[in-house]
Amino acid sequence: MSAQGPATAVSAGHGSLGHGPEDVARSRSNMLFGVRLGIASEVMLFGALFAAYFVIRSDAGAWPPPEFGGERPEILLPGINTLLLVSSSVTMQLGVWAATRGDRGRLLRWMGITLLLGFAFLCIQAYEYLNNGFGLRDGVFGSTFYTLTGFHGAHVLIGLAFIAVMANRARRGLVSAEHHTGIEAASYYWHFVDVVWLFLFSTVYVF
Amino acid sequence: MSLDRRSSPLLRPGLLRAVVGAALGAAIGAGVLMLANATIKLNAQPGHLLGLGYIGAFFGFLLGIGAFRFWLTWASGRQVDEAEEHAAHGTAGDWTRYLRFTTDHKVIGVQYLVTAFVMFMAAGIGAMFMRLELAQPGLLIGKEAYNTAMSTHGAMMITVALISIIGGLGNYLVPIMVGARDMAFPKANALSYWMLPIPVLMVAINPLLGGFDTGWTAYPPLSQQANLGQQAYLMAFVTVGFSSILSSINFLTTVFRMRAPGMTLMRMPIFVWALTVTATLGLIATSVVAGAFTMVLFDRLIGTSFFRATRGGDVILFQHLFWFYSHPAVYIMAVPGLGAVLEIVPVFARKPLFAYPIAVLAFIMIGVMSFMVWAHHMFVSGMAEYFHIPIMLTTELISVPTGVVFLAAIGTIWMGRIRFRVPMLWVFGFLWAFLVGGITGVYLADVPTDIALSDTFFVVAHFHYTIIGSTIFGLFAGTYYWFPKITGRMYDERLGRIQFWWFAIAFNLTFLPMFWLGIEGMRRRVADYPAELGGVNLFVSVMAVNIALSVGLFVYLMVRAWMRGPRAEANPWEAQTLEWQCTSPPPVENFEHIPVVTGTPYQYGSPPMAAIPPSTAPAPGHPAP
Amino acid sequence: MMSQRRHLLIAGLIWAVLSIVSMVLMAGIQVLPEIASKEAVVEDRTFVLLTVVSMPVLWFVVVGMAYSAIRFRSRPGDDGDGPPMHGHVGVQTAWLLVTLVMVLGLFAYGAVGLVEIRGTQQADYEVHVKGQQWEWHFTYPNGATSTELHVPVDQRVHLLIESEDVIHSLWLPALGVKQDAVPGRVTEAYTTPTVTGTYGGRCAELCGFGHTDMTLTFVVSDQPDLQAWLDHLPKEPPSQ
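Residues numbered from 1 in each chain as written. Chains lettered and ligands numbered in written order. Predicted model: local features only at pLDDT ≥ 70, side-chain atom pairs only at ≥ 80, totals over all residues. Heavy atoms only, no water.

1. Side note on the overall build of chain A
Part 1: The helix and strand inventory of chain A stands at 5 helices and 1 strand.
Part 2: Helices and strands appear in chain A in the N-to-C order β-α-α-α-α-α.
Part 3: Per-residue burial over chain A gives 47% buried out of 207 residues.
Part 4: If you take every contact in chain A between residues at least 6 apart in sequence, the share linking residues at least 24 apart comes to 80%.
Part 5: Total accessible area on chain A stands at roughly 9,400 Å², and carbon and sulfur atoms take up 66% of it. (Helix = DSSP H or I, 4+ residues; strand = E, 2+ residues; numbered from the N terminus. Buried < 20%, exposed > 50% of the residue type's maximum accessible area, 1.4 Å probe, protein only. Contact = heavy atoms within 4.5 Å. Areas by Shrake-Rupley, 256 points an atom, 1.4 Å probe, with all protein chains shown as cover.)

Printed below as a string of structure tokens:
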């Protein structure tokens, strides 16, 4: 019989199922780690969509391709949207800092403003969609435009839902200076959505 | 929502309610669309109905099984019932917990493993139809049926290969192997599993929807044409992708943040390293194919033109996006198997894993380089010429880290004291099969030879040798090896040996002739072939039936052992990884005390260490699952 | 109890003998069933080289496995462990270096072969190829079309390939030509046929239910025979 043992010794350590305060803090930072990983995966999704856009656009030569009519959308509305979204990232971050200080009042206010800014973004985008001279079915120009902005808009909607849920929880007193992981997670997601927009704005509207 | 056992099964979260939920969800999804169609004349096609019905069924199923109830409670701003959350972990001895939303990673691992084997057999039936057609020249079941059988076989087998080891053995073992009590996110873990039944069902029933003939690769423009079965496959594959991304997040968080004290990264078992690399690939690459398949779905359903050449689309773009995921995907399939066999080989050679740090580095390099080789699937596709030579270089280079697996394995068995128990037989089977697969891969990496071999049965033989060699041999090796730990019983060694030889011989005799068939010019994905290849094809078909029969024997011996095999001890193999330091099967919370780790689990041959106090002996009242 | 050195010597000897014998045997084979062009010659040469180089690799692993399985098997009743060999810097380094050099060598050979196959853009004879579900149409320099492909021997042929509908692939095994027909672009292949005769070709990319039957005949002939055949072709394009 081999006299080997495993390379371990047994400690008189954690006998519980992991619900002490140390474990809870650990599990909260695990959550944020997981959220960051999830965002990495979402980045790759947009990567695929942008790759498709760049390839199709370089195949085409003139953009928009003359066969499908339509023109590049005006920059004014998306430009306003960019300001709205960037501001909303700022307000969201201010909310996170308020949460860190335990200031529930300011947290709710900043989250409320973020929600309004995000909602305004979506409204302006909807208006833009209705007034564009081209549709989803107008060849690759419409396909790439609406798919890219549409996926982004869907992510904005999800982000707003997430923030709204967190705002509700904050309102009910379930958020504190020690426990505000959800707020932070929502802010990571929201900043990600904002960065994607900046990229989108430059490549789809400006250049 | 109380878990009161006296209330009707339809009201309790569970499988029955999930099925009802799925049916209701499908009806609502499709019904809403039909209503809208009737009133506002939307011009909905069957594809739209299928799409909305599918989404409804998917969410209905998950709501029915209770996957969302904790999150919904949390989201609505109420306090989660801690006792209920704890009970979701399940209690040992309660077999119904396998049919519920149970958060214990060990239960989820078994769920994945059993589901994977069932899918494996279903996909094997598809292969039987294929081999029936190909047994003789001429047509038997017909071209349409053949293409659908071929596509379904491929789609199901790919799914099995992607999830069986990491979802099954990985889920069960990784938390224990790193000294944790569960995965980082147990509820998300259960959700990952329960996301699977609906898409798997979709793939299984696609013949009823008209089948699809593109193969799992789904190239447009062919995949844009007709046939609802195509859409079923595309939607299902994207869904399975979400499940695996969620699973990857769980694995990576667990490995990087929940290891026991003293377990540095370079003291982790090689199996854990392999699954870490696998999870990273899954996290990064899967969204790309989700994007590509979504674009095909959009082209089919909402009038976009991503891959319609006449409207400015780019057909080859799909191939680039698809293979950018699908090449890393083959490593998602292979690397867990490689990890399993490298974990097993030291135990039965009674020697440390040779060159462990180099093996770790090799797995990482395989992961990194897997993103740089995708276009070797496209050498004759008409893609830009400048891709060919760089991709040929990177593809040749990736054989270097892959070859390190052989360095580690042979270095371990050399001068060892080899015990040929059944898991070790599978390891040797893997070494031969993966060797053949790897060498033949070089012919495909080299463009001049690839021109002759692309789309022939040579390719079919190559990937069956590599994938069956690594994934399936690794799966069998791991299942036999960890069977006593998971079930608390031992399988029959003699029957296991017979099953191994039957499978291994049948497998080799099925696929080895295919190399020759490919060189002789037999194409892939065709229901008929030149008459002079008939004899070899008949032989192949007969051998393929033997593979199926040997798998049948496997199922029989596993079920028999689980039900009435002899009880197994905590460490029947005298192995050194942490899962063998607790009972067989482990208690619900894995460890009474979290261990402190002082070295790698490969200390064979070293001077004996101090005896471990018997605090990990089985506590009374721990029944088998 | 043999020393490690003796084991290595014996196993090494077995490996060397098996490798040399199999390399010699493989060096003289022809892999491709039919070779009728310059490109096919390059491809077959590459096949042979890869096979020869694979032999020592194959035998290394097989001999390693078999020798260990026989010589290092534990005797019944022997419950001991093997020696604590965690690694060996020399072996590891040698392994990595040798495998690296081998694959780089194979890459270099393949790259040279590929450049040779692609050749220059210059051609003597041009044929336009159209793939559609489920047959091929060839248009010749004189404007005539056919479902058969005829090319001249010892001249450089340029094939311009298009598709009407889905992806197809023009595969002419004896000429070592395989190139996808992609809707929305024109792909190309060059070949210099060297042996006259009648050969079979087939579509090599799944293109629907008729893919199995999408085959063609192609003929490599002398210039006079080719001209005679071309003159007999109808000049109007086939009715769609």
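2. Observations concerning the pattern of salt bridges
Residue and element names in this part refer to chain B.
Part 1: Overall, the coordinates contain 16 salt bridges over all chains when judged by the stated rule.
Part 2: In this structure, E84 engages R69 in a salt bridge whose closest nitrogen and oxygen atoms are separated by 3.3 Å. Of the two residues, E84 sits in helix α4 (residues 82-87) while R69 sits in helix α3 (residues 69-75), which places them 15 residues apart along the sequence.
Part 3: Shared partners join several salt bridges into a network, and the residues in it are R421, E493 and R497. (Salt bridge = Lys/Arg side-chain N within 4 Å of Asp/Glu carboxyl O.)

3. Thoughts on the packing of aromatic side chains
Part 1: Under the counting rule described, the total for this entry stands at 85 aromatic pairs over all chains.
Part 2: With a centroid separation of 6.4 Å and 75° between ring planes, the pair formed by F237 of chain B and Y325 of chain B is classed as edge-to-face. Here Y325 of chain B lies in helix α11 (residues 315-349) and F237 of chain B lies in helix α9 (residues 228-257), a separation of 88 residues in the sequence.
Part 3: F237 of chain B sits in the buried class, given a relative accessible area of 7%.
Part 4: The residue whose ring lies beneath K178 of chain C is W171 of chain C, and the NZ or CZ to ring-centre distance is 4.1 Å.
Part 5: When the ring centre of W171 of chain C is taken as origin, the NZ or CZ atom of R202 of chain C, which lies over that ring, is 5.2 Å away. (Phe/Tyr/Trp six-rings, centres within 6.5 Å; stacked < 30°, edge-to-face > 60°. Lys NZ or Arg CZ within 6 Å of the ring centre and 35° of its normal.)

4. What to know about the interface of chain A and chain B
Part 1: Between chain A and chain B, the residue contacts involve 53 residues of the former and 59 residues of the latter.
Part 2: With both sides pooled, the region where chain A packs onto chain B buries about 4,800 Å², and carbon together with sulfur makes up 64% of that total.
Part 3: In terms of residues, the side of chain A that touches chain B owes the most to one element, helix α1 (residues 21-60) of chain A, which gives 19 residues.
Part 4: A per-class count over the side of chain A that touches chain B returns 27 nonpolar, 20 polar and 6 charged. (Buried area = accessible area lost by both parts, 1.4 Å probe. Nonpolar A, V, L, I, M, F, W, Y, C, P; charged D, E, K, R; others polar.)

5. Side note on α11 of chain B
Residue and element names in this part refer to chain B.
Part 1: The end-to-end C-alpha distance of α11 is 51 Å, a good match for the 51 Å that 35 residues give at a rise of 1.5 Å each.
Part 2: The sharpest bend along α11 measures roughly 30° and falls at W323.
Part 3: Most of α11 sits out of view: 33 of its 35 residues are buried.
Part 4: The opening residue of α11 is D314, an N-cap whose side-chain oxygen sits 3.0 Å from the backbone nitrogen of I316. (Expected span 1.5 Å × (residues − 1). Bend = angle between axes of the 7 residues up to and from the residue. Polar contact = N/O pair within 3.5 Å; in protein donor to acceptor, adjacent residues only side chain to side chain.)

6. Notes on the sheet that holds strand β3 (residues 145-146) of chain C
What links the strands of a sheet is backbone hydrogen bonding, and the strands pair in either a parallel or an antiparallel sense.
Residues and elements named next belong to chain C.
Part 1: One open sheet accounts for 5 strands, arranged β3-β2-β1-β5-β8; its pairing is mixed. At either margin of the open sheet sits one strand with a lone partner, and together these are β3 and β8 (187-191).
Part 2: Relative to strand β2 (residues 135-139), strand β1 (residues 125-132) runs antiparallel, the two sharing 5 bridges. Its bridge partner being in β2, Q132 is matched across the sheet by E135. (Pairing = 2+ DSSP bridges.)

7. Things to note about the sheet that holds strand β9 (residues 197-203) of chain C
Residue and element names in this part refer to chain C.
Part 1: Reading across from one edge, β4-β10-β9-β6-β7 is the order of the 5 strands in this open sheet, with mixed pairing throughout. The sheet terminates laterally at β4 (149-152) and β7 (177-181), the two strands that pair on one side only. Here the strands of the sheet are splayed against their neighbours by 25° on average, with no regard to which way each runs.
Part 2: One ladder, built from 2 bridges, connects strand β6 (residues 168-172) with β9; its direction is antiparallel. Considered in β9, the bridge of W171 is made with R202.
Part 3: Helix α4 (residues 223-231) contacts β4 and β10 (215-221) of the sheet and is inclined by roughly 145° relative to β4. (Axes fitted to C-alpha atoms, helices over the stretch in contact; angles between N-to-C directions.)

8. Structural notes on the domain arrangement of chain B
Residue and element names in this part refer to chain B.
Part 1: On domain assignment, one finds that chain B holds domain 1 (9-75) and domain 2 (102-564).
Part 2: In this structure, domain 1 and domain 2 have C-alpha centres spaced 31 Å apart.
Part 3: In this complex, domain 1 contributes 17 residues to the contact, which on the side of domain 2 involves 17 residues.
Part 4: A combined buried area of about 1,500 Å² lies between domain 1 and domain 2, and 87% of that area is made up of carbon and sulfur atoms.
Part 5: For the interface between domain 1 and domain 2, the tally reads 0 salt bridges.
Part 6: Applying the counting rule to domain 1 against domain 2 returns 3 residue pairs in polar contact (both at pLDDT 80 or more).
Part 7: When contributions to the side of domain 1 that touches domain 2 are tallied by element, the ones reaching two or more residues are α1 (15-40), α2 (46-65) and α3.
Part 8: Class assignment of the residues belonging to the side of domain 1 that touches domain 2 gives a composition of 14 nonpolar, 3 polar and no charged. (Domains from an automatic or database assignment.)

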